[in-house]
Amino acid sequence: MTDKLIKLFADVLEVEPSRLNEESCPDTVPEWDSLGAMNLVTAIESEFEVRLSTRDIMNMSSIALAREFLKAKGAEL
Amino acid sequence: MVLGEDEKEAIKLWRRYSKDSSTLSLEHSYKIGLISTFTIDSLIPHLGGHLLKKGIENPSIRVAPYNQVHQSCLDHLVAFGTDKIDVIAIFWRLEDLFSQYISSLAKAEEDLIAELDQLIDVFVHLRTSFKGSIVIYSPPYPYSSTEFYLGRLNNARAGLDLFYKVSSYLSKSLSNVAGIQLADLNGILMESGYGAAHDVRKWYLYKQPYSEGALSAIGRDLARRISALTQPSKKCLVLDCDNTLWGGVVGEDGIKGIDVGDSFPGLAFKEFQAYIKYLSNSGVLLAIASKNNEADVLEVFERHDSMVLKTDDISIFQVHWQSKVNSICHIAEALNIGLDSLVFIDDNPKEIEEVRTRLPEVICFQIPEDESSILSEFKKLELFDGYTTTLEDQTRLKMLEDEKKRGELRSFSSEKDFLASLQLKVSVFAAAEEHVSRVVQLINKTNQFNLTTKRRTSDEVCQLIEDGDHQVFAMKATDKYGDYGLVGVAILKNKSANVWHLDSFLLSCRILGRKAETAFLSGVLDIMEKLGCIQLTGQYIESPKNTPAESFLTSHGFTEGVDSELLELNLSERLGSPEYILIEVSDVQ
């Protein structure tokens, strides 16, 4: 089964989940541009019912960092 | 703002649709073009979803380049890459287009009105050159500007007054233009809750000012307008009487005992009638289907002085004890309209159920138990949207002549005139240490106008500035609306004595659509000429997103050279730069 967070990133960025891993970031995934990032914020906030600060959003520059952040917020991954 | 079920459903619909339809031909889709001064891409799933919910089966949505309202209106073909757009919707904010007047109100009004005139000219130009429908959203009340902050204890009305003046000037001017539908973005934001409609984080990071809730409301509004343009409206309302047009049962309570008047619950019925009257005035036919003694019902219509609806407003009375299905069929036949253009309103769930089962084409509305929500629930069905647009279109057709005259009189209607009016000034200079952080940011963030999309680190750029084999140029730009800051980077590499290679050339999307790229290249060439360069080579390296830069080299005099990979430009054959852009160059040692 595909990991929940990877699946969310794949859905939002419209890429195959197999193209993503923990190290995926805007530099390695061309679809993760500013629009992609904005859509990710929307999706993460509604899926995990968290509120991201502007700095949180800026710091979330890889899937691993997003996971770390969401875990700290107590989200179920 | 949290999305409701309805809004979430719209987004899901769109996601499923866009997955399925990615392989379908766009040729036969219903095409909507969005022009905006802010990032509008996040509207797409909301708008698309609401369009699908409205029964528009094959929408496709395109977005014009960011913050190029003037340019996109003056040349919609270039903005959307096709002339086959069905509807163009325009979103703009005062603070995006006219920031200098918004940050200081002193003397703003006169100047702002002059600017508005120019913008209106541009809208008129679009109307005359574009065949489809146009929806222009009026600008909303400026957000996060001190002058407009309503919580000020001191002179808080100044911003409000200016806003209302601008809004009414705009609606007056545009109401004279046939075929432009003016919509109210401020009203939508107010309905969503003005504060909750904004998302400051997304504004700072992505130039996208609105919350998901507000975007859904905007999408719903535009979808309604588009659906009203494309789908036939309902034509006739078939109304029950007791507990629908008034409270109580006339056959039992008598004309004096029924509730319609100026206190609740009578007031709720009176206001519902007033809305039906408004629909009737816009062309909707009214019919009565009531199980009653005809004389009782007619007496109420003729003698009750709180009745808004009068006998003359009703095309057909079907008041008897036979089934409502029979009445409805009779009404459709007598008025010579299809059952699918009827809307049936009744308080009795059994009647509603019977009509739904036997006449599935008829839309039914059951009066809610709480009288206070009758009107709001009924409006939510949005059944008669088509009438408003048709009527507006009719009155506006008469004004077509005026518009033609206007088009002839006003001069400001070509892209060149617009660009000249901007009074763009650029300065081109060799990047120094203090520019490195912005230069690196541009190099790594710019996707669209980026000739080679080569990314570089801060250290690498510092090194290029230091070493003698490279030149790193930057461009700053200002126009009459304000300062764009550092918005262009070019890196040149020395190949042989007099030959240089254009290794990087990129511009922030903030400055695109203003011919600044031509001015930037011109400035760079001026400097290089002084350094003794006689030939420049260059190459377009395709990326998934840099089509805006595709023809840059060839349209600026570069031609195929001996080395087939690279294009060449002899500086003696360089093309000129637009005379309306002022270029300052700083000498390089």
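Residues numbered from 1 in each chain as written. Chains lettered and ligands numbered in written order. Predicted model: local features only at pLDDT ≥ 70, side-chain atom pairs only at ≥ 80, totals over all residues.

## Notes on the overall build of chain A
Link 1 in the chain: Counting its secondary structure elements, chain A contains four helices and zero strands.
Link 2 in the chain: Helices (α) and strands (β) of chain A occur, in sequence order from the N terminus, as α-α-α-α.
Link 3 in the chain: Taken against the 2.2 N^0.38 rule, which gives 11 Å for 77 residues, the C-alpha radius of gyration of chain A at 11 Å falls within 12% of a compact globule.
Link 4 in the chain: Dimensions of chain A along its principal axes, counting C-alpha atoms only, are 30 × 25 × 20 Å.
Link 5 in the chain: Here chain A, with 77 residues, has 26% of them falling under the buried criterion.
Link 6 in the chain: The long-range fraction of contacts in chain A, counting pairs at least 24 apart against all pairs at least 6 apart in sequence, stands at 43%. (Helix = DSSP H or I, 4+ residues; strand = E, 2+ residues; numbered from the N terminus. Rg over C-alpha atoms; globule rule 2.2 N^0.38 Å. Buried ≥ 20, exposed ≤ 12 C-beta atoms within 10 Å, placed from the backbone. Contact = placed C-beta atoms within 7 Å.)

## Considerations on the packing of helix α1 (residues 4–13) of chain A against helix α4 (residues 63–72) of chain A
Residues and elements named next belong to chain A.
Link 1 in the chain: In contact at an axis separation of 11 Å, α1 and α4 are set at 125° when each is read in the N-to-C sense. Between α1 and α4, the angle falls in the class oblique. The two elements α1 and α4 cross, and the hand of that crossing is right-handed. Contacts between α1 and α4 pair Leu5, Ile6 and Phe9 from the former with Ile63, Ala66 and Arg67 from the latter.
Link 2 in the chain: A class-by-class count of the residues in the contact of α1 with α4 yields five nonpolar, no polar and one charged. (Axes fitted to C-alpha atoms, helices over the stretch in contact; angles between N-to-C directions. Parallel < 35°, antiparallel > 145°, perpendicular 65-115°, else oblique. Left-handed = near helix turned anticlockwise from the far one by under 90°. Nonpolar A, V, L, I, M, F, W, Y, C, P; charged D, E, K, R; others polar.)

## A short note on the pairing of strand β14 (residues 499–507) of chain B
Residues and elements named next belong to chain B.
Link 1 in the chain: Burial analysis of β14 places seven of its nine residues in the buried class, which makes it a mostly covered element.
Link 2 in the chain: As paired elements, strand β13 (residues 482–496) and β14 share eight bridges and run antiparallel to each other. Considered in β14, the bridge of Ser496 is made with Val499.
Link 3 in the chain: Between β13 and the antiparallel strand that follows it, β14, lie two residues.
Link 4 in the chain: Pairing of β14 with strand β15 (residues 535–538), which is carried by four bridges, proceeds in the parallel orientation. (Pairing = 2+ DSSP bridges.)

## Notes on the sheet that holds β15 of chain B
All names here are of chain B.
Link 1 in the chain: Ordered by their spatial adjacency, eight strands build an open sheet running β16-β17-β15-β14-β13-β12-β11-β18, and the pairing between neighbours is mixed. Since the sheet does not close on itself, it has two edges, and those belong to β16 (559–560) and β18 (582–585), each with one partner.
Link 2 in the chain: With two bridges joining them, β16 and strand β17 (residues 567–570) adopt antiparallel strand pairing. Of the residues in β17, the one forming a bridge with Glu560 is Leu567.

## Examining the sheet that holds strand β4 (residues 133–138) of chain B
All names here are of chain B.
Link 1 in the chain: Across the sheet, five strands lie side by side as β2-β1-β3-β4-β5; this open sheet has parallel pairing. Of all strands in the sheet, those bounded by a partner on one side alone are β2 (59–63) and β5 (180–184). Between one strand and the next, the sheet's axes are offset by a mean angle of 20°, whatever the strand orientation.
Link 2 in the chain: Sheet topology note: the strand β1 (residues 30–36)/strand β3 (residues 87–91) ladder contains five bridges and is parallel. Its bridge partner being in β3, Ile35 is matched across the sheet by Ile90.

## Regarding the interface of chain B and chain A
Link 1 in the chain: Across the boundary between the two partners, chain B contributes eleven residues, which contact eight residues of chain A.
Link 2 in the chain: Considering each element in turn, the side of chain B that touches chain A owes the most residues, five residues, to helix α10 (residues 200–206) of chain B.
Link 3 in the chain: For the side of chain B that touches chain A, the per-class residue count stands at four nonpolar, three polar and four charged.

## Re the domain arrangement of chain B
Link 1 in the chain: Its domain assignment divides chain B into domain 1 (25–230), domain 2 (236–383) and domain 3 (418–585).
Link 2 in the chain: Summarising the inter-unit geometry, the C-alpha centres of domain 2 of chain B and domain 3 of chain B are found 70 Å apart. (Domains from an automatic or database assignment.)

## Concerning the packing of helix α15 (residues 324–335) of chain B against helix α16 (residues 349–358) of chain B
All names here are of chain B.
Link 1 in the chain: Where α15 contacts α16, the axes come no closer than 9 Å and their chain directions differ by 55°. It follows from the interaxial angle that α15 and α16 lie oblique. For α15 against α16, the interelement crossing comes out right-handed. Mapping the contact onto sequence places Lys324, Val325 and Ile328 in α15 and Glu351, Glu354, Val355 and Arg358 in α16.
Link 2 in the chain: Tallied by class, residues from the contact of α15 with α16 come to three nonpolar, no polar and four charged.

## A look at unusual backbone geometry
Residue and element names in this part refer to chain B.
Link 1 in the chain: With an omega dihedral of 0°, the bond running from Phe264 to Pro265 counts as a cis peptide bond.
Link 2 in the chain: Take Pro265: it is sitting in the loop between α12 (250–257) and α13 (266–281).
Link 3 in the chain: Positive phi values are uncommon outside glycine, yet Lys207 reaches one of about 60°.
Link 4 in the chain: Note on placement: Lys207 falls in the loop between α10 and α11 (212–230).
Link 5 in the chain: Judged by local crowding, Lys207 falls into the partly exposed class, with 19 C-beta atoms found within 10 Å.

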